[in-house]
Amino acid sequence: MAKNKTIVVKQIGSPIRREKSQRATLIGLGLNKMNKERELVDTPEVRGMINKIPHLVRVVGE
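Cut-offs and rules
- Residues numbered from 1 in each chain as written.
- Predicted model: local features only at pLDDT ≥ 70, side-chain atom pairs only at ≥ 80, totals over all residues.
- Heavy atoms only, no water.
- Pairing = 2+ DSSP bridges.
- Helix = DSSP H or I, 4+ residues; strand = E, 2+ residues; numbered from the N terminus.
- Axes fitted to C-alpha atoms, helices over the stretch in contact; angles between N-to-C directions.
- Contact = heavy atoms within 4.5 Å.
- Buried < 20%, exposed > 50% of the residue type's maximum accessible area, 1.4 Å probe, protein only.
- Core = buried A, V, L, I, M, F, W, Y, C linked by side-chain atoms within 4.5 Å.
- Salt bridge = Lys/Arg side-chain N within 4 Å of Asp/Glu carboxyl O.

Asks: Lay out the sheet that holds strand β2 (residues 37–41) in plain terms, naming residues and giving numbers.
Replies: Two strands in a sheet stick together by hydrogen bonds in their backbones, pointing the same way (parallel) or opposite ways (antiparallel). The three strands are arranged β2-β1-β3 in an open sheet whose pairing can be described as antiparallel. Strand pairing shows two members of the sheet lacking a second neighbour, β2 and β3 (57–61), which therefore form its edges. Strand-to-strand, the axes of this sheet are offset by a mean angle of 35°, without reference to chain direction. In the sheet, strand β1 (residues 6–11) pairs with β2 via five bridges, with the strands oriented antiparallel. Its bridge partner being in β2, V8 is matched across the sheet by E39. Against the sheet, helix α2 (residues 44–52) touches β1, β2 and β3, its axis set at about 25° to β1.

As structure tokens, this is what we get:
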């Protein structure tokens, strides 16, 4: 069984005064508060969500 590669994503921006879709993307990534970090499986779907809101999140570790 292959080990899934993971990435650590950190929220660096506030969702206040952002579009509804950007807030929903943050929640989809499991983020909702400033400086919160999540370890996620590195999939094209997760990368797409990160690329949609690069001003709100940062990839900390891979």
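On we go.
Asks: Before we move on, could you go through the side chain of Q22 and cite the residues and values that matter?
Replies: By the secondary structure assignment, Q22 is in helix α1 (residues 20–28). Discounting chain neighbours no more than four positions away, the residues touching Q22 are I53, H55 and L56.

Asks: Give a detailed account of unusual backbone geometry, specifying residues and quantitative values.
Replies: Positioned with a positive phi, R17 is a non-glycine residue whose angle comes to about 60°. With respect to the helices and strands, R17 occurs in the loop between β1 and α1. Here R17 falls in the exposed class, since its relative accessible area comes to 82%. Even without a glycine there, the phi angle at N35 is positive, about 65°. Relative accessible area serves as the criterion here: at 52%, N35 is assigned to the exposed category.

Asks: So what's going on with the nonpolar core? Residues and values would help.
Replies: Counting eleven residues, the largest nonpolar core consists of I7, V9, L26, L29, L31, L40, V46, I50, I53, L56 and V57. Once residues lying within four places of it in the same chain are set aside, the contact partners of L29 are R38, L40, V46, M49, I50, I53 and V57.

Asks: Lay out the pattern of salt bridges in plain terms, naming residues and giving numbers.
Replies: On inspection of all chains with the given rule, the structure shows two salt bridges. With a closest N to O distance of 3.4 Å, E62 and R47 form a salt bridge. Here E62, found in the segment after β3, pairs with R47, found in helix α2; they are 15 residues apart in sequence, far enough to count as distant. Owing to a relative accessible area of 26%, R47 belongs among the partly exposed residues under this scheme. Look at the salt bridges and you will find they share partners, linking D42, R47 and E62 into a network.

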